[in-house]
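For reference, the chains in residue letters:
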Amino acid sequence: VFARRVNGSDSPAYLATASINGLYPKEHWSIVNSLIGIKNKGSFAGLDVGVSTGGLAVTGDFTSAVASTGTNESTILVTMANAMANTDYYVESNIQSQGSIGQDNDINREVFKPISTTQFQMSISGISGSLTSLKFNLKVIQN
């Protein structure tokens, strides 16, 4: 039966497609994701470094991203929907330009700091007077 479902005439109904997991049970996908360690992914958008304050637009597993400012810098408190196991996690970030790429690249590398199992801070600084419109695509991964 197994060979017929994998290689035979029955295989179209059992092999993986975009709509079915095939022979790999759906319960195993949660195990694979937990081994990878990605618990939260999504984005926040609309950041003008050193200017934006208050709530930013969020997607995915982030429930809020609240910006505060300093001189030519922004700190964002991000809240995650899924609690991490502990504070030994890291944030992978890719910054996307949503405006003028020539102005949006006038920034320094961002840093993050775990605050709790459900919150972390990100901080980024920019060049004085440069308007930015940034989107942060994020993955939070347990170590």
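Placed above this text is the structure.
Okay, so let's go over this structure. (Residues numbered from 1 in each chain as written. Predicted model: local features only at pLDDT ≥ 70, side-chain atom pairs only at ≥ 80, totals over all residues. Heavy atoms only, no water.)

In terms of regular secondary structure, the protein chain is built from 4 helices and 9 strands. For the protein chain, the N- to C-terminal ordering of α and β elements is α-α-α-β-β-β-β-β-β-α-β-β-β. Going through the 143 residues of the protein chain one by one, you find that 27% of them count as buried. Within the protein chain, counting contacts between residues at least 6 apart in sequence, those at least 24 apart form 57% of the total. Total accessible area on the protein chain is roughly 8,300 Å²; 52% of this is exposed by carbon and sulfur atoms. (Helix = DSSP H or I, 4+ residues; strand = E, 2+ residues; numbered from the N terminus. Buried < 20%, exposed > 50% of the residue type's maximum accessible area, 1.4 Å probe, protein only. Contact = heavy atoms within 4.5 Å. Areas by Shrake-Rupley, 256 points an atom, 1.4 Å probe, with all protein chains shown as cover.)

What follows is about the pairing of strand 8 (residues 119–125). Side chains of strand 8 alternate between two faces, with Phe120, Met122 and Ile124 buried and Gln119, Gln121, Ser123 and Ser125 left unburied. In this structure, strand 5 (residues 73–80) lies alongside strand 8, joined through 7 bridges in antiparallel fashion. When the bridges of strand 8 are listed, Ser74 appears paired with Ile124. In the sheet, strand 7 (residues 111–114) pairs with strand 8 via 4 bridges, with the strands oriented antiparallel. Note on strand 8: the bridge partner recorded for Phe112 is Met122. Linking two consecutive strands that pair antiparallel, namely strand 7 and strand 8, is a turn of 4 residues. (Pairing = 2+ DSSP bridges.)

What links the strands of a sheet is backbone hydrogen bonding, and the strands pair in either a parallel or an antiparallel sense. The strand order across the open sheet built from 4 strands is 3-1-9-6, with neighbouring strands paired in antiparallel fashion. Each edge of the open sheet carries a strand with a single partner, namely strand 3 (57–60) and strand 6 (89–97). On average, each strand axis in the sheet is tilted by 20 degrees relative to the strand beside it, whichever way the strands run. Sheet topology places strand 1 (residues 38–47) next to strand 9 (residues 134–142); 8 bridges connect them, and they run antiparallel. When the bridges of strand 9 are listed, Phe44 appears paired with Phe136. (Axes fitted to C-alpha atoms, helices over the stretch in contact; angles between N-to-C directions.)

Another point: unusual backbone geometry. One non-glycine residue, Asn72, adopts positive backbone phi at about 55 degrees. Positionally, Asn72 belongs in the loop between strand 4 (62–70) and strand 5.

Here the focus is the side chain of Ser130. Summarising the element assignment, Ser130 is placed in the loop between strand 8 and strand 9. Ser130 gets classed as buried once you look at its relative accessible area, which sits at 12%. Reaching out from Ser130, the side chain makes a polar contact with the side chain of Asp106 at a distance of 3.0 Å. (Polar contact = N/O pair within 3.5 Å; in protein donor to acceptor, adjacent residues only side chain to side chain.)

The full count for this structure, using the stated rule, is 2 aromatic pairs. A centroid spacing of 4.7 Å and a plane angle of 15 degrees characterise the contact between Phe44 and Phe136, whose relative ring orientation is stacked. Here Phe44, found in strand 1, pairs with Phe136, found in strand 9; they are 92 residues apart in sequence, far enough to count as distant. A single burial state applies to Phe44 and to Phe136, both of which are buried. Measuring from ring centre to ring centre gives 6.4 Å for Phe62 and Phe120, while their planes differ by 80 degrees; the resulting arrangement is edge-to-face. (Phe/Tyr/Trp six-rings, centres within 6.5 Å; stacked < 30°, edge-to-face > 60°.)

Time to look at the nonpolar core. Core analysis: the largest hydrophobic core is formed by 20 residues, its most contacted members being Phe44, Leu47, Ile76, Phe120, Phe136, Leu138 and Val140. Every element with two or more residues in this core is listed here: strand 1, strand 4, strand 5, strand 6, strand 8 and strand 9. Excluding residues that lie within four positions of it along the chain, Phe120 makes contacts with Phe62, Ile76, Leu77, Val78, Met80, Tyr89, Val91, Lys113, Pro114, Ile115, Leu138 and Val140. (Core = buried A, V, L, I, M, F, W, Y, C linked by side-chain atoms within 4.5 Å.)

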